[in-house]
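A look at the structure
Read off the chains here:
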Amino acid sequence: MKFTISKYAAQQVIDQSKEAAENLNRNMQLMDRQINSQFIGLKDPAFISYLELSMQMQEVLKQISGKMEAVSDYCQKVITWIDQYGDM
């Protein structure tokens, strides 16, 4: 089986992964602001538990964002490889 990848396709992956990571981070921040503004000063144990779970979720989302960045970095290496060896 032979796979073919173009610089264009690799660049599309880079662009889309960066856009997805930016949207993910922006939405995490928006959710935090909205939740925190609604429940500021609340000492309810259920809300405290929610905050702990929210922090765990944010850590997972940061890991996902990091994986998106890794995919983007890999595609950049593919583009570099195509530039160096594509005309041989």
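Below you will find a few notes about this structure. In this text, all values refer to a predicted model and were calculated from it rather than measured experimentally.

Section: the overall build of the protein
Each helix and strand counted, the protein has two helices and zero strands in total. The C-alpha radius of gyration computed for the protein amounts to 20 Å, which surpasses the reference 12 Å derived for 88 residues by more than 25%, pointing to a less compact arrangement than a globule. The C-alpha extent of the protein, read off along each of the three principal axes, is 65 × 20 × 20 Å. For the protein, the residues scored as buried account for 18% of the 88 residues in total. Long-range contacts, defined here as pairs at least 24 residues apart, represent 82% of the contacts in the protein between residues at least 6 apart. Total accessible area on the protein stands at roughly 7,200 Å², and carbon and sulfur atoms take up 59% of it. Charged side chains of the protein number 9 positive and 11 negative; the gap between the two group centres comes to 2 Å.

Section: helix α2 (residues 45-85)
Between its first and last C-alpha, α2 extends 60 Å over 41 residues, near the 60 Å set by a 1.5 Å rise per residue. Taken together, the buried positions of α2 are Phe47, Ser54, Gln58, Leu61, Ser65, Ser72, Cys75, Val78, Ile79 and Ile82. Contacts made by the buried residues of α2 are with α1 (7-38). Capping the start of α2 is the job of one residue whose side-chain oxygen sits 2.8 Å from the backbone nitrogen of Ala46: Asp44.

Brief notes about the side chain of Ser54
Position of Ser54 relative to the elements: it lies in helix α2. Filtering out sequence-adjacent residues up to four positions away, Ser54 remains in contact with Met31 and Asp32.

Quick look at α1
For α1, built from 32 residues, the straight-helix expectation of 46 Å at 1.5 Å per residue is met to within 8% by its first-to-last C-alpha distance of 46 Å. Listed in full, the buried residues belonging to α1 are Ala10, Ile14, Ser17, Ala21, Leu24 and Met28.

Regarding the packing of α1 against α2
In contact at an axis separation of 9 Å, α1 and α2 are set at 165 degrees when each is read in the N-to-C sense. Put simply, α1 runs roughly antiparallel to α2. Our pair here, α1 against α2, has a crossing hand that is left-handed. Split by residue class, the contact of α1 with α2 holds 20 nonpolar, nine polar and five charged.

What to know about the pattern of salt bridges
Two side chains with opposite charge may pair up if their charged atoms get near one another. Counted by the stated rule, this structure contains two salt bridges. A salt bridge links Lys7 to Asp83; the nearest nitrogen and oxygen atoms lie 2.6 Å apart. Taken together, the residues Lys7 in helix α1 and Asp83 in helix α2 connect sequence positions 76 residues apart. What makes Asp83 partly exposed here is its relative accessible area of 43%. One salt bridge connects Lys62 with Glu59, and the closest N-O pair in it is separated by 3.7 Å.

Rules used throughout
- Residues numbered from 1 in each chain as written.
- Predicted model: local features only at pLDDT ≥ 70, side-chain atom pairs only at ≥ 80, totals over all residues.
- Heavy atoms only, no water.
- Helix = DSSP H or I, 4+ residues; strand = E, 2+ residues; numbered from the N terminus.
- Rg over C-alpha atoms; globule rule 2.2 N^0.38 Å.
- Buried < 20%, exposed > 50% of the residue type's maximum accessible area, 1.4 Å probe, protein only.
- Contact = heavy atoms within 4.5 Å.
- Areas by Shrake-Rupley, 256 points an atom, 1.4 Å probe, with all protein chains shown as cover.
- Lys, Arg positive; Asp, Glu negative; His and termini not counted.
- Charge placed at Lys NZ, Arg CZ, Asp CG, Glu CD.
- Expected span 1.5 Å × (residues − 1).
- Polar contact = N/O pair within 3.5 Å; in protein donor to acceptor, adjacent residues only side chain to side chain.
- Axes fitted to C-alpha atoms, helices over the stretch in contact; angles between N-to-C directions.
- Parallel < 35°, antiparallel > 145°, perpendicular 65-115°, else oblique.
- Left-handed = near helix turned anticlockwise from the far one by under 90°.
- Nonpolar A, V, L, I, M, F, W, Y, C, P; charged D, E, K, R; others polar.
- Salt bridge = Lys/Arg side-chain N within 4 Å of Asp/Glu carboxyl O.

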